[in-house]
Amino acid sequence: MKKITVAIDGYSSCGKSTIARQLAHYAGYTYVDTGAMYRAVALFMMQDSRCRTDNPVADLIPLLPQINIGFALQPDGSQHTILNGRDVENEIRGLEVGSMASQVSPVKEVREYLVAQQQRMGAQKGIVMDGRDIGTVVFPDAELKLFLTASPEVRAQRRFRELQLKGADPVFADVLADVNDRDWRDTHRKESPLRQAADAVVVDNSQMTPEEQMKVVIGLFNKAAGV
Ligand code: DC
């Protein structure tokens, strides 16, 4: 069976990483979470003593070649992000790192550095990669491009529940405002804004169960891979 490249893009909190991970498992492919790579760069900047001036992003740029990011498969099948040999999976998932990631991800030099790594990771195909610019910039020739979406209200509701499960006491209107705010930033930045590739298949999962969505995605994959 020929190996293909699967590019998954979409808004925040629409379940990209879950579907990407499940599809990679189904296909026996490597999964790469590019959001984790932007988060790891943000964490490096927050922790490195050389990024302490008024403009830490400018301090970061010459240090980019010192940032090594990899992924380590865990016995339970999940993946942990490794930054310069250190497992940072838990650290990068915090709100503060997430917000810093949205400040480093619009920076041209950061994107060029990470996109080159992502292209090397996918050079042999057999990869499922998710992010914001995978079908447009990283792998414009991917055989299967998915653009995942769900209404802002549905995504806010999902995030609201996740926060509650973590023991927080969120206000729905604030969560919805944050979702809308992130969408605006992702789609309006100068460097590689989030947009749907012309040849991407849109999957709106607002009204789908995870199982229904997976069925649709596996159908699209089998067709693209010639299964
Ligand atoms: O998907 P996420 O929340 O883990 O992404 C973290 C940040 O990185 C978010 O601000 C969007 C950005 N990002 C990006 O600009 N390009 C990608 N390919 C992936 C994520």
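This text gives an overview of the structure that appears in the document. (Residues numbered from 1 in each chain as written. Predicted model: local features only at pLDDT ≥ 70, side-chain atom pairs only at ≥ 80, totals over all residues. Heavy atoms only, no water.)

Here the focus is the side chain of R155. Along the chain, R155 falls in helix α8 (residues 152-165). With a relative accessible area of 1%, R155 lands in the buried category. When residues no more than four places from it in sequence are discounted, the contact partners of R155 are Y11, S12, S13, C14, A150, V179 and D183. (Helix = DSSP H or I, 4+ residues; strand = E, 2+ residues; numbered from the N terminus. Buried < 20%, exposed > 50% of the residue type's maximum accessible area, 1.4 Å probe, protein only. Contact = heavy atoms within 4.5 Å.)

In terms of burial, strand β6 (residues 127-131) is a largely internal element, 5 of the 5 residues being buried. By the bridge criterion, 5 bridges tie strand β1 (residues 5-10) to β6 in an arrangement that is parallel. By the bridge assignment, V6 is partnered in β6 with V128. With 4 bridges connecting them, strand β2 (residues 30-33) and β6 associate as parallel partners. In the strand pairing of β6, Y31 is matched with V128. (Pairing = 2+ DSSP bridges.)

For helix α6 (residues 108-121), with 14 residues, the first-to-last C-alpha span of 20 Å sits near the 20 Å given by 1.5 Å per residue. For α6, the full list of buried residues reads V110, R111, Y113, L114, V115, Q117 and Q118. On its buried face, α6 is in contact with α2 (34-47), α3 (56-60), β3 (69-73), α5 (95-104), β6 and α7 (134-138). (Expected span 1.5 Å × (residues − 1).)

What follows concerns the sheet that holds β3. Strand order in this open sheet of 3 strands is β3-β4-β5, and the pairing throughout is antiparallel. This sheet does not close on itself; its edge strands, each paired only once, are β3 and β5 (86-87). The pairing of β3 with strand β4 (residues 79-83) spans 5 bridges and is antiparallel. Across the sheet, residue I69 finds its bridge partner in β4, namely L83.

Before going further, it helps to spend a moment on the site of the ligand. Neighbouring the ligand are 13 residues; T34, R39, R111, D133 and R189 lie closest to it. In this structure, D133 approaches the ligand through a side-chain N or O atom, which is 2.9 Å from a nitrogen atom. Notes on the ligand: free accessible area 440 Å², of which the protein chains cover 92%. When residues of the shell around the ligand are traced back to their parent elements, those giving at least two are α2 and α5. Ranked by the residues each element gives to the shell around the ligand, the list is headed by α2, at 4 residues. (Near = heavy atom within 4 Å. Polar contact = N/O pair within 3.5 Å; in protein donor to acceptor, adjacent residues only side chain to side chain. Areas by Shrake-Rupley, 256 points an atom, 1.4 Å probe, with all protein chains shown as cover.)

What follows covers the packing of α2 against α6. Close contact between α2 and α6 brings their axes to 11 Å; oriented N to C, the two are set at 140°. With respect to α6, the axis of α2 lies oblique. In this structure, the crossing between α2 and α6 has a hand that is right-handed. Every residue of α6 that contacts α2 at T34, M37, Y38 and V41 is listed here: V110, R111, L114, V115, Q117, Q118 and M121. A per-class count over the contact of α2 with α6 returns 7 nonpolar, 3 polar and 1 charged. (Axes fitted to C-alpha atoms, helices over the stretch in contact; angles between N-to-C directions. Parallel < 35°, antiparallel > 145°, perpendicular 65-115°, else oblique. Left-handed = near helix turned anticlockwise from the far one by under 90°. Nonpolar A, V, L, I, M, F, W, Y, C, P; charged D, E, K, R; others polar.)

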